[in-house]
Amino acid sequence: MLGSILLAAVCAAPVSAQDIRWQPQTMTPGDYLSIDQSMGGPIHHVFAGRSGKAYVLKSYRGPSPDGTPVFTTFLDRHGNYLRWVRADGMMIDYRPHDCKRTAGECQYRRVFSDGRHEIRTRVTTPTANGFTFKEYDASGNFIFGGSIELDERGNAGDGHMNGNQGEQVYRVMKRFYQ
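Remember, it's a predicted structure, so these values are computed and weren't measured experimentally.

Student: Give a description of the confidence of the model for the protein that names residues and reports values.
Tutor: The share of residues in the protein with pLDDT of 70 or more is 90%, and the mean pLDDT across the chain is 90. Contacts for the low-pLDDT stretch residues 1-17, under 50 throughout, to residues beyond four places or in other chains number 18 contacts.

Student: So what about the pairing of strand E11 (residues 156-163)? Which residues, and what values?
Tutor: Where a strand is regular, its side chains alternate between the two sheet faces. Summarising the sheet, strand E10 (residues 142-150) and E11 pair through six bridges and their orientation is antiparallel. Looking at E11, one finds that Phe144 is bridged to Gly163. Adjacent in sequence and paired antiparallel, E10 and E11 are bridged by five residues, among which Gly154 carries a positive phi angle near 80 degrees. Where E11 folds back on strand E12 (residues 166-176), the antiparallel hairpin that results is connected by two residues.

Student: Which residues make up the pattern of salt bridges, and what values go with them?
Tutor: With the rule as written, the count across this model stands at 12 salt bridges. Across the pair Arg110 and Glu118 runs a salt bridge, and its minimum N-O distance is 2.7 Å. Arg110 sits in the buried class, given a relative accessible area of 15%. Taken together, the shared-partner salt bridges in this structure form one network comprising Arg110, Glu118, Arg120, Arg122 and Glu135.

Student: Mind laying out the packing of aromatic side chains, listing which residues take part and the relevant values?
Tutor: The final tally for this structure, using the stated rule, is 10 aromatic pairs. Ring centres of Trp22 and Phe47 lie 6.0 Å apart, and the angle between their planes is 70 degrees; this geometry places the pair in the edge-to-face category. Of this pair, Trp22 sits in the loop between helix H1 (2-11) and strand E1 (32-37) while Phe47 sits in strand E2 (residues 41-51), and the two are 25 residues apart along the sequence. The exposure class assigned to Trp22 is buried, which follows from its relative accessible area of 4%. Counting every residue linked through ring pairs, the aromatic cluster contains Trp22, Phe47 and Tyr55. The ring of Tyr81 is capped by Lys100, whose NZ or CZ atom sits 4.6 Å from the centre of that ring. The residue whose ring lies beneath Arg116 is Phe112, and the NZ or CZ to ring-centre distance is 4.1 Å.

Cut-offs applied
- Residues numbered from 1 in each chain as written.
- Predicted model: local features only at pLDDT ≥ 70, side-chain atom pairs only at ≥ 80, totals over all residues.
- Heavy atoms only, no water.
- pLDDT = per-residue confidence, 0-100.
- Contact = heavy atoms within 4.5 Å.
- Pairing = 2+ DSSP bridges.
- Helix = DSSP H or I, 4+ residues; strand = E, 2+ residues; numbered from the N terminus.
- Salt bridge = Lys/Arg side-chain N within 4 Å of Asp/Glu carboxyl O.
- Buried < 20%, exposed > 50% of the residue type's maximum accessible area, 1.4 Å probe, protein only.
- Phe/Tyr/Trp six-rings, centres within 6.5 Å; stacked < 30°, edge-to-face > 60°.
- Lys NZ or Arg CZ within 6 Å of the ring centre and 35° of its normal.

Set out below in structure tokens:
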């Protein structure tokens with residue numbers, strides 16, 4: 001049943017939908033995006049270049065994109081998460097990736113640094129200016145969903161997410177591209 005609902009949602013995507021992939025080849029180390037989050041305040045995602053085959057974003061809380069990153073994200077060339085590492089060392093590996101920039105229904109495994117793991121299914125639907133998404137646990141229960149607008153480089157901008165922790169609203173404060 002969930003598969004049929006998810007398939008219908010994917011097939012309903014508009015024909016004029018844009019490419020939802022991230023465009024890291026347009027980024028220079030030091031480029032950043034500052035976003036105000038309704039839960040948590042300002043966060044700054046700074047492009048740090050490559051590490052092997054992964055692209056690296058370092059994320060900082062507070063008034064400016066400096067200091068010690070609160071987390072570091074390793075992404076594939078499309079913008080799907082491969083690994084997420086918090087400053088205290090807690091880590092999540094995504095296998096094969098987190099499906100964030102994969103149109104349609106996509107299943108992945110989250111593997112935590114303590115050995116726990118969980119399977120999730122994500123349904124991402126391209127829109128005219130970004131994408132909408134819904135995420136489900138292994139039993140098909142809805143966890144969260146929302147929408148994100150994208151800029152010409154595929155960087156996330158304004159959006160919202162709603163789920164078991166309430167609604168989170170995102171607003172772009174600043175884009176810095178060299």
